[in-house]
Amino acid sequence: MLQDEVKIISLPKILDDRGNLSFFQNDDHIPFVIQRAYWIYDVPGGEHRGGHAYRDLQEVIVALSGSFDVVVDDGKEKKVITLNRSYNALYIPKMIWRRMENFSTNSLAFIVCDKQYDEGQYIRDYDTYRNLKADEDDI
Ligand code: TYD
């Protein structure tokens with residue numbers, strides 16, 4: 001079930017009158033070794049990013065600033081997860097269709113994953129994804 005795979009990881013919150021601090025580190029909070037980090041910013045109103053699945057790549061997404069929705073879909077079930085707190089990290093395993101939308105002004109999406117960039121990892125066509133997923137479920 002989708003809920004068993006995609007999950008929110010609660011990150012540490014060090015509350016301080018001078019300003020709060022959160023962090024993550026390998027092994028303790030992130031269930032993979034981080035190989036790459038990237039961020040998405042200056043998203044114009046109404047735009048979306050993503051809209052693909054990865055063949056063999058896990059990721060964690062954090063809204064460092066502002067808010068946006070991540071629509072996750074395992075081919076059977078679809079769920080919208082709103083990220084709007086910098087201490088909540090969304091874990092997405094491989095072979096989940098995901099799309100990011102509804103970005104607020106000045107929102108900042110920070111993503112870490114377990115693989116270096118490789119276009120070959122991407123499944124960009126939804127029907128292809130559904131077929132691959134159905135084959136996977138048959139095994
Ligand atoms: P992409 O992940 O395809 O974003 P979206 O699914 O929102 O369109 O990234 C857009 C382009 O940026 C991609 O074609 C290549 C480049 N890119 C890199 O070079 N390195 C990276 O780590 C990422 C995420 C993207």
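A short tour of the structure in this document, coming up. (Residues numbered from 1 in each chain as written. Predicted model: local features only at pLDDT ≥ 70, side-chain atom pairs only at ≥ 80, totals over all residues. Heavy atoms only, no water.)

Let us look at the site of the ligand. Every residue lining the ligand is accounted for by R36, Y38, R49, G50, H52, Y117, Y122 and R124. Within the side chain of R124, one N or O atom sits 2.7 Å away from an oxygen atom of the ligand. Alone, the ligand offers 520 Å² of accessible surface; in the complex the protein occludes 60% of this. Elements represented by at least two residues in the shell around the ligand include exactly β4 (36–40) and β5 (49–54). When residues of the shell around the ligand are assigned to their parent elements, the largest contribution, three residues, is made by β5. Class assignment for the residues of the shell around the ligand results in three nonpolar, two polar and three charged. (Near = heavy atom within 4 Å. Polar contact = N/O pair within 3.5 Å; in protein donor to acceptor, adjacent residues only side chain to side chain. Areas by Shrake-Rupley, 256 points an atom, 1.4 Å probe, with all protein chains shown as cover. Helix = DSSP H or I, 4+ residues; strand = E, 2+ residues; numbered from the N terminus. Nonpolar A, V, L, I, M, F, W, Y, C, P; charged D, E, K, R; others polar.)

Aromatic ring pairs: the centre-centre distance and the angle between the two ring planes describe each pair. The final tally for this structure, using the stated rule, is nine aromatic pairs. The interplanar angle of 70 degrees and the centroid separation of 5.0 Å between the aromatic rings of Y54 and Y122 together place this pair among those described as edge-to-face. Linking Y54 in strand β5 with Y122 in strand β12 (residues 122–123), this pair joins segments that are 68 residues apart in sequence. Overall, the relative accessible area of 4% leaves Y54 in the buried class. Since its relative accessible area comes to 14%, Y122 is described here as buried. Note that K7 overlies the ring of Y91, its terminal NZ or CZ placed 5.6 Å from the centroid. Over the aromatic face of Y87 sits the side chain of K13, whose NZ or CZ is 4.1 Å from the ring centroid. (Phe/Tyr/Trp six-rings, centres within 6.5 Å; stacked < 30°, edge-to-face > 60°. Buried < 20%, exposed > 50% of the residue type's maximum accessible area, 1.4 Å probe, protein only. Lys NZ or Arg CZ within 6 Å of the ring centre and 35° of its normal.)

Moving on to the sheet that holds strand β10 (residues 97–101). Judged by pairing direction, the sheet is antiparallel, and its five strands sit side by side in the order β8-β7-β10-β5-β12 without closing on themselves. A strand with exactly one partner marks an edge of an open sheet, and here the two such strands are β8 (78–83) and β12. One ladder, built from three bridges, connects β5 with β10; its direction is antiparallel. Looking at β10, one finds that G50 is bridged to R99. (Pairing = 2+ DSSP bridges.)

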